[in-house]
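Spelled out, the chains give:
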Amino acid sequence: MPTPPDSCSANVPDAAGRFGQFGGRYVPETLIHALDLLAVEYDAARQDASFQAELDELLKNYVGRASPLYFAKRLTEHCGGAQIWLKREDLNHTGAHKINNTLGQALLTLRMGKQRVIAETGAGQHGVATATACAHFGLDCIVYMGEEDIRRQAPNVFSMKLLGAEVRPVSSGSRTLRDAINEAMRDWMSSVESTHYILGSVVGPHPFPRIVRDFQSVIGRETITQCREQFEGLPEVVVACVGGGSNAAGMFYPFIELDGVSLVGVEAGGRGNQPGDHASPLTYGSPGVLHGSFSYVMQDEDGQTCDVHSMSAGLDYPGVGPEHSYWKATGRVDYTTCTDNDAMHAFDTLARLEGILPALESSHAIAQAMEIARNRSSSEQVVVCLSGRGDKDASEIARLKGESLG
Amino acid sequence: MSVIDQLFVKLRNENRKALMPFITAGDPDLEFTAEVIQELVARGASMCEVGIPYSDPIADGPVIQASYTRALGRGIKLADLLESLGNVSPQISAPLVTMGSYAIIYRHGIEKYADALSERGVAGMIVPDLPLEESPQLAKVCAARDLSLIQLVTPTTPPDRTLKIAETSSGFLYYVSVAGITGERTELPPELVERVSWLREQTPLPVCIGFGISQPEHVKLLAPVADGLIVGSAIVRRMANVTPKNRSTTLQEIGDYVETLLSALE
Ligand SMILES: Cc1ncc(COP(=O)(O)O)c(C=O)c1O
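None of the values given here were measured: they were computed from a predicted structure.

Enquirer: How should the interface of chain A and chain B be read in this particular structure?
Expert: Accessible area lost upon the coming together of the parts is a frequently used measure of interface size. Contacts between chain A and chain B engage 34 residues on the former and 34 residues on the latter. Carbon and sulfur atoms make up 49% of the surface buried where chain A meets chain B, a total of about 2900 Å² over both sides. Taken together, the links from chain A to chain B amount to 5 salt bridges. Between Glu29 of chain A and Arg161 of chain B there is a salt bridge; the shortest N-O distance is 2.9 Å. Those elements that provide at least two residues to the side of chain A that touches chain B are helix 1 (29-46), helix 8 (177-191), strand 11 (286-290) and strand 12 (293-297) of chain A. Sorting elements by how many residues they give to the side of chain A that touches chain B places helix 8 of chain A first, with 7 residues. Looking at the side of chain A that touches chain B, its residues break down into 12 nonpolar, 12 polar and 10 charged.

The structure is reproduced here in structure tokens:
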């Protein structure tokens, strides 16, 4: 591997979709023309004030933005260190950050004159957010979802159906997010002229990692403004969980050139550090190609994708967005892991002390923030991206705890 | 001139067309793969495309996906696969090319992979997820070893881009008949003949058509406008139920099937 560049730029990706050496486009030729058109359309939309105004209006009145930055007083006291502040993406319409991206991409779909939308989903939050955006705009919506995830995120499956989407179960491979992305890509191979693929994280071929990051960056931009208003400064540390990496990218990106702020990404540590027991490519993997981009990935020595594990469906993914690989290579963001057990403990703690049920994904970030806060002084601030709410996880948590619902 | 260049010079001189079967390596085992390759070349196939099983093949339909899953399930390793190609290649008169994801080639090391192919007498490679913009480095590595790096053009490729791809491809140009994934189709797109005819006027490179081709009628329709035809899923499907008992009858069946296509080529 080349030596890491010593500075980290926010001015990425380049025209080829590269974040340093990461990113690019490793997909069949069939998709290239559509990706080119998408990049052009997105550039035009970005410079179109009416596009931005329409999205802002939706984010305000439909999603309920800005999401609050909430001081978790009892959690802070419990940890006995730095102040813990929660960026409440769980309070968005549909209960997670995913809607920030799906509304933006649905508007792009309309601009491109396409009527059919496909998406993949793991936890079901992106599926629900896509189904919601499609219902709002009257677009046809098909969501691919692994059978294992259909089982563990059943409430979201039903919601998608209520919203008028068709949920197509994926039975290949590990029957999780990775396989759902494969199936969505295959659909797109045949439908690319009439269909837009609303990818749900900062993964995939260029320009997806950039588009999703930009639409999610509203999280970090609001956070900066709110920190200045609520504690007249910037936090010492910002923490987010990393599955594909979209809530983390959206939170971190506006902070990238604010050097005084430490950024910490938390991967799913699962049951331990053995291959197959976790979903932590940045921590335990190496650079390679998966789902159209060059980034850290869990692969065997032949380049076959490894099975991974996380109790949280949204983090149960062997790859990660290329910009995170770039941030790791430049040293701008620290990446660490949190086990299933620690995340579950953080879930319980937040529920009891703050009256907030976090998503299992977000619970990984909460656990790490608690750890960081313990080792810092009460004059310091740690901001956590609370990426989603935990209602979707209730039955899975009951199962994991060996309890029955109700 | 590479081995594939020589093949097409010869075929064009003789006014003949190539038939190129695709076979998944290691389904159900590498011995069977070698036997199928030898059988098909003996029946008259001009080239063979060897699929390297991959865990996440997004350009492939259910038939080839399933065969990759079977091969991987039996623990096939790239090193063994390459070794077995080295054993077959001296025994056949037709060039072999690999079809494999860039994920695998990158992990192996692109120079190491190219060296492995040339040392084992493999003539070239198709890398279905390595588009034009990402391919210059691998193209250089291949050129230095006289390996062909066969590029793909599809119905969604705009004309100016098609010309650029044709300039960088070596060996032949792979025209993907449909916007979609691999798999047998009864109907091929009505504009296919016209598109390939146009393409052949634009480039001196031989043009072979693949995806969806499975019936003698397809062969009759397309052979006149192309330099070669590629048949995958229709063959791989016939390998799905190989058991120790029916190996030789399956081999025979696949051979007979390919022969029906070969006679339609005449
Ligand atoms: C609430 C929540 N947080 C986090 C994630 C992980 O995705 P990402 O890393 O793209 O934010 C998901 C994915 O489904 C999610 O639903």
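Enquirer: Mind showing me how you'd approach helix 10 (residues 218-231) of chain A here?
Expert: One turn of an α-helix holds 3.6 residues; hence residues three or four places apart share an orientation. All names here are of chain A. Here helix 10 spans 19 Å end to end across 14 residues, near enough to the 20 Å set by a 1.5 Å rise per residue. Regarding helix 10, the residues found buried are Val218, Ile219, Gly220, Glu222, Thr223, Ile224, Gln226, Cys227 and Phe231. Each element contacted by the buried residues of helix 10 is listed here: strand 3 (69-71), strand 4 (83-88), helix 4 (98-111), helix 9 (208-216), helix 11 (246-252) and strand 14 (381-386). Note on helix 10: the residue one or two positions beyond its end, Glu232, has a positive phi of about 50°.

Enquirer: Just to check I follow, could you spell out the site of the ligand for this structure?
Expert: Residue and element names in this part refer to chain A. In the neighbourhood of the ligand, 18 residues make up the surrounding shell, with Ser201, Gly243, Gly245, Ser246 and Ser387 lying closest. At a separation of 2.7 Å, an oxygen atom of the ligand approaches a polar side-chain atom of Ser246. In the model, an oxygen atom of the ligand is placed 2.8 Å from a nitrogen or oxygen of the Asn247 main chain. When each cavity is represented as a set of grid points, the ligand is found to reside in the second largest cavity.

Enquirer: Help me understand empty space enclosed by the protein in this model?
Expert: In this approach, a probe sized like a water molecule rolls over the atoms, and the result shows the empty space that is left. All names here are of chain B. The tally for this structure, following the rule as stated, stands at 5 cavities of 30 Å³ or more. There is about 440 Å³ of room inside the largest cavity. What lines the largest cavity is a set of 40 residues, among which Ala59, Asp60, Met99, Pro128 and Thr182 lie closest to the centre. Looking at the lining of the largest cavity residue by residue, the classes come out as 23 nonpolar, 11 polar and 6 charged.

Enquirer: Would you take a moment to explain the nonpolar core for this structure?
Expert: What tends to happen in soluble globular proteins is that the nonpolar side chains get buried as a cluster. In terms of nonpolar packing, the biggest core is built from 198 residues, with Trp327 of chain A together with Met125, Phe172, Tyr174 and Leu229 of chain B touching the most fellow members. For this core, the element with the most residues is helix 12 (residues 247-265) of chain B, which contributes 8 residues.

Each value, and the rule that gives it
Residues numbered from 1 in each chain as written. Chains lettered and ligands numbered in written order. Predicted model: local features only at pLDDT ≥ 70, side-chain atom pairs only at ≥ 80, totals over all residues. Heavy atoms only, no water. Contact = heavy atoms within 4.5 Å. Buried area = accessible area lost by both parts, 1.4 Å probe. Salt bridge = Lys/Arg side-chain N within 4 Å of Asp/Glu carboxyl O. Helix = DSSP H or I, 4+ residues; strand = E, 2+ residues; numbered from the N terminus. Nonpolar A, V, L, I, M, F, W, Y, C, P; charged D, E, K, R; others polar. Expected span 1.5 Å × (residues − 1). Buried < 20%, exposed > 50% of the residue type's maximum accessible area, 1.4 Å probe, protein only. Near = heavy atom within 4 Å. Polar contact = N/O pair within 3.5 Å; in protein donor to acceptor, adjacent residues only side chain to side chain. 1 Å grid on protein atoms, 1.4 Å probe; cavity = no way out; pocket = protein on both sides within 12 Å on 5 of 7 lines; lining within 4 Å. Sits in = over half its atoms within 2 Å of the grid points. Points joined across faces, edges and corners; volume = space filled by probe spheres on them. Core = buried A, V, L, I, M, F, W, Y, C linked by side-chain atoms within 4.5 Å.

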